[in-house]
Amino acid sequence: MDLKHIRSNVMYAAQEAAHKMEAVSDMVYDAITQAQKELTQRLDTEGFTKNIMALPEKIRIQQEKVKEASDAFDIVKSDLANAEAMLVAIIAAEVNEAGKSKFSNDNTRRAELEIRKKNDFDYQQAWEPYKAALDDLDNARFKLEQYQNEFKAYQVVGNMLAARLSLMKLEV
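Residues numbered from 1 in each chain as written. Predicted model: local features only at pLDDT ≥ 70, side-chain atom pairs only at ≥ 80, totals over all residues. Heavy atoms only, no water.

Attention shifts here to the overall build of the protein. The number of helices and strands found in the protein is 4 helices and 0 strands. In the protein, the order of α-helices and β-strands from amino to carboxyl end is α-α-α-α. Taking 172 residues into account, the globule formula puts the C-alpha radius of gyration at 16 Å, and the protein, at 38 Å, lies well above it. Across its three principal axes, the protein shows a C-alpha extent of roughly 140 × 25 × 15 Å. (Helix = DSSP H or I, 4+ residues; strand = E, 2+ residues; numbered from the N terminus. Rg over C-alpha atoms; globule rule 2.2 N^0.38 Å.)

Okay, here's the thing in structure tokens:
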């Protein structure tokens, strides 16, 4: 065998290997591209992104609702405190036949106040809106906390997915 023939065979084999490697490279590229599409679809990155991007606005709106509920609560709380103060003043002013204070110590005044709160029309009228406003405020705060927790969960999951994809090095 002469050197030209050997060289020709080596060149032919190298070209064949190059063509096979190119075909394998194309197949790997296609497989990675398909895997990326499937992974993106499985992870629902569009839905994930849409949901996480909507949460800051939901949180802002809910913060406004909490503020409104807090303001409304402060108003009815003041009304309730006024009704209670009126009862305290009446109890403190009451005297017995001898002209002495009817409720002479703190314990008896507090006990009488609790009794009168249950029976006083004005106090009861102030209590109902107070309780409703307190419930509204608690519900608004709870909803705000839910949104904040949901946002934190999305952040954690998003960071985990990003790390996972980074480890997979799916960049083509």
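Before going further, it helps to spend a moment on the confidence of the model for the protein. A residue-level look at the protein finds 95% of positions with pLDDT of 70 or above and a mean pLDDT of 88. Of all helices and strands in the protein, the one with the weakest mean pLDDT is helix H1 (residues 3-43) (81), whereas helix H3 (residues 106-119) scores best (94). (pLDDT = per-residue confidence, 0-100.)

It is the contact of helix H2 (residues 45-93) with H3, at a shortest axis distance of 10 Å, that shows an interaxial angle of 130°. In this view, H2 runs oblique relative to H3, as classed from their interaxial angle. Both H2 and H3 take part in a crossing whose hand is right-handed. Of H3, the residues touching H2 (which contributes Glu84, Leu87, Val88, Ile90 and Ile91) are Arg109, Glu112, Leu113, Arg116 and Lys117. Within the contact of H2 with H3, the residues separate by chemical class into 5 nonpolar, no polar and 5 charged. (Axes fitted to C-alpha atoms, helices over the stretch in contact; angles between N-to-C directions. Parallel < 35°, antiparallel > 145°, perpendicular 65-115°, else oblique. Left-handed = near helix turned anticlockwise from the far one by under 90°. Contact = heavy atoms within 4.5 Å. Nonpolar A, V, L, I, M, F, W, Y, C, P; charged D, E, K, R; others polar.)

The next thing to look at is the pattern of salt bridges. Taken as a whole and judged by the stated rule, the model has 10 salt bridges. In this structure, the salt-bridge partner of Arg116 is Glu94, at a minimum N-O distance of 2.6 Å. Here Arg116 is found in helix H3, whereas its partner Glu94 is found in the loop between H2 and H3, with 22 residues between them in sequence. Notably, a salt bridge pairs Asp106 with Arg109, separated by 3.6 Å at the nearest N-O pair. With a gap of 3 residues between them, Asp106 and Arg109 both fall in helix H3, about one helical turn apart. On the accessibility criterion, Asp106 (43% relative accessible area) is partly exposed. (Salt bridge = Lys/Arg side-chain N within 4 Å of Asp/Glu carboxyl O. Buried < 20%, exposed > 50% of the residue type's maximum accessible area, 1.4 Å probe, protein only.)

Relative to the helices and strands, Lys131 resides in helix H4 (residues 121-168). When its relative accessible area of 36% is taken as the criterion, Lys131 is described as partly exposed.

Now for a nonpolar patch on the surface. A surface patch of nonpolar side chains, amounting to about 300 Å² of accessible area, comprises Leu3, Ile6 and Val10. You can call Ile6 partly exposed: its relative accessible area is 36%. (Patch = residues over 30% accessible without salt bridge, like charges linked within 9 Å, V, L, I, M, F, W, Y side chains within 5 Å. Areas by Shrake-Rupley, 256 points an atom, 1.4 Å probe, with all protein chains shown as cover.)

Right, let's talk about the packing of aromatic side chains for a bit. Per the counting criterion, the structure on display carries 3 aromatic pairs. Ring geometry for Phe73 versus Tyr130: centroids 5.2 Å apart, planes at 40°, classification tilted. Residue Phe73 is found in helix H2, and its partner Tyr130 is found in helix H4; the two are separated by 57 residues along the sequence. Here Trp127 and Tyr130 contribute two aromatic rings whose centre-to-centre distance is 5.3 Å and whose plane-to-plane angle is 35°, an arrangement assigned as tilted. (Phe/Tyr/Trp six-rings, centres within 6.5 Å; stacked < 30°, edge-to-face > 60°.)

A separate point is H2. The end-to-end C-alpha separation of H2 is 71 Å, in line with the 72 Å expected for 49 residues at 1.5 Å each. The sharpest bend along H2 measures roughly 25° and falls at Leu55, with the proline Pro56 sitting one to four residues further on. (Expected span 1.5 Å × (residues − 1). Bend = angle between axes of the 7 residues up to and from the residue.)

Mapping Lys117 onto the fold places it in helix H3. In this view, Lys117 contacts Glu84, Leu87, Tyr123 and Gln124; residues no more than four positions away in its chain are not counted.

Below, the discussion takes up the nonpolar core. In this structure, Val66, Phe73, Leu80, Tyr123, Tyr130, Leu137 and Tyr154 are the most contacted members of the largest nonpolar core, which totals 23 residues. Put simply, the parts of the chain that give this core at least two residues each are H2 and H4. Looking at this core, the element that brings in the most residues is H2, giving 12 residues. Among all residues touching Tyr154, those that are not within four sequence positions of it are Phe48, Asn51, Ile52 and Leu55. (Core = buried A, V, L, I, M, F, W, Y, C linked by side-chain atoms within 4.5 Å.)

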